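The residues making up each chain are set out below.
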Amino acid sequence: MLDCLRAAVEGGYACTFSDVNALDGKLSDQLKAKGKGSCTVSGARPYGQTSTGADLIEVACADGGPGWVLEYTPGATIPSDMLNCAQVATMGGGGCQLPTNKKH
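Description of the structure in this document. Predicted, not measured: the structure shown is a model, and the values here were computed from it.

A tally of regular secondary structure across the protein gives 4 helices and 4 strands. Counting from the amino terminus, the protein carries its helices and strands in the arrangement α-α-β-β-β-β-α-α. The burial tally for the protein puts 43% of its 104 residues in the buried class. Long-range contacts, defined here as pairs at least 24 residues apart, represent 40% of the contacts in the protein between residues at least 6 apart.

This is the structure:
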């Protein structure tokens, strides 16, 4: 089952029955599992998809530090990779757009 952020990437659906911020804890835990426990997620947005169909979700860190873009392969519930905002800026898609991420 996809959360509302992933559903937005895959089908253009909007989060209407739940607030996107309800996912912050889950996303923070996923970052911690990837060795980025210093980032407590304070915001997230759908970023887009890769050419292989992986979903990309941008997250911001509560401390104002650089955020991340998490990559989820099709059907996966945990991220397979994560990219910093400098990396995604070279991929197209407008780069990171969350307010604290735009500072970096």
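Following the structure, the description resumes.
Right, let's get into the state of the cysteines. Scanning the entire structure with this criterion turns up 2 disulfides. Disulfide pairing is shown between C39 and C61; the S-S distance is 2.0 Å. Across the disulfide from C39 to C61, rotation about the S-S bond amounts to roughly -100°, and the bridge is consequently left-handed. Placement of C39 in the loop between α2 (24–33) and β1 (41–49) and of C61 in strand β2 (residues 55–61) is noted, with a sequence separation of 22 residues between them. Assessed through its relative accessible area of 4%, C39 is described here as buried. A disulfide bridge connects C85 with C96, and the sulfur atoms are separated by 2.0 Å. In this structure, the disulfide formed by C85 and C96 twists by about -90° around the S-S bond and is classed as left-handed. Here C85 is found in helix α3 (residues 85–89), whereas its partner C96 is found in the loop between α3 and α4 (99–102), with 11 residues between them in sequence.

Time to look at the nonpolar core. Judged by nonpolar contacts, the single largest core of 15 residues is most densely connected at L27, L31, I57, V59, W68 and L70. Breaking this core down by element, the ones donating at least two residues are α1 (4–11), α2, β1, β2 and β3 (68–72). Core analysis: the second largest hydrophobic core is formed by 7 residues, Y47, L56, L83 and V88 among them.

A separate point is the pattern of salt bridges. One side chain can pair with another of opposite charge once the charged atoms of both are near each other. In total, this model carries 1 salt bridge according to the counting rule given. A salt bridge links E58 to R45, with the nearest nitrogen and oxygen atoms 2.5 Å apart. Residue E58 is found in strand β2, and its partner R45 is found in strand β1; the two are separated by 13 residues along the sequence. Looking at E58, the relative accessible area reads 0%, which means it is buried.

If you trace the backbone, V59 turns up in strand β2. Through-space distance from the C-alpha of V59 to that of P46 is 9.0 Å; in sequence the pair is 13 residues apart.

So, on to α2. Within the sequence span of α2, burial applies to D24, L27, S28, Q30 and L31. The buried side chains of α2 occupy one side of the element, clustering within an arc of 160° when seen end-on. What points out from α2, more than 90 degrees from its buried face, is the exposed set D29, K32 and A33.

The rules behind each value
Residues numbered from 1 in each chain as written. Predicted model: local features only at pLDDT ≥ 70, side-chain atom pairs only at ≥ 80, totals over all residues. Heavy atoms only, no water. Helix = DSSP H or I, 4+ residues; strand = E, 2+ residues; numbered from the N terminus. Buried < 20%, exposed > 50% of the residue type's maximum accessible area, 1.4 Å probe, protein only. Contact = heavy atoms within 4.5 Å. Disulfide = S-S within 2.5 Å. Core = buried A, V, L, I, M, F, W, Y, C linked by side-chain atoms within 4.5 Å. Salt bridge = Lys/Arg side-chain N within 4 Å of Asp/Glu carboxyl O. Arc of directions from axis to C-beta.

Bear in mind that shape data such as this cannot, by itself, settle questions of function.
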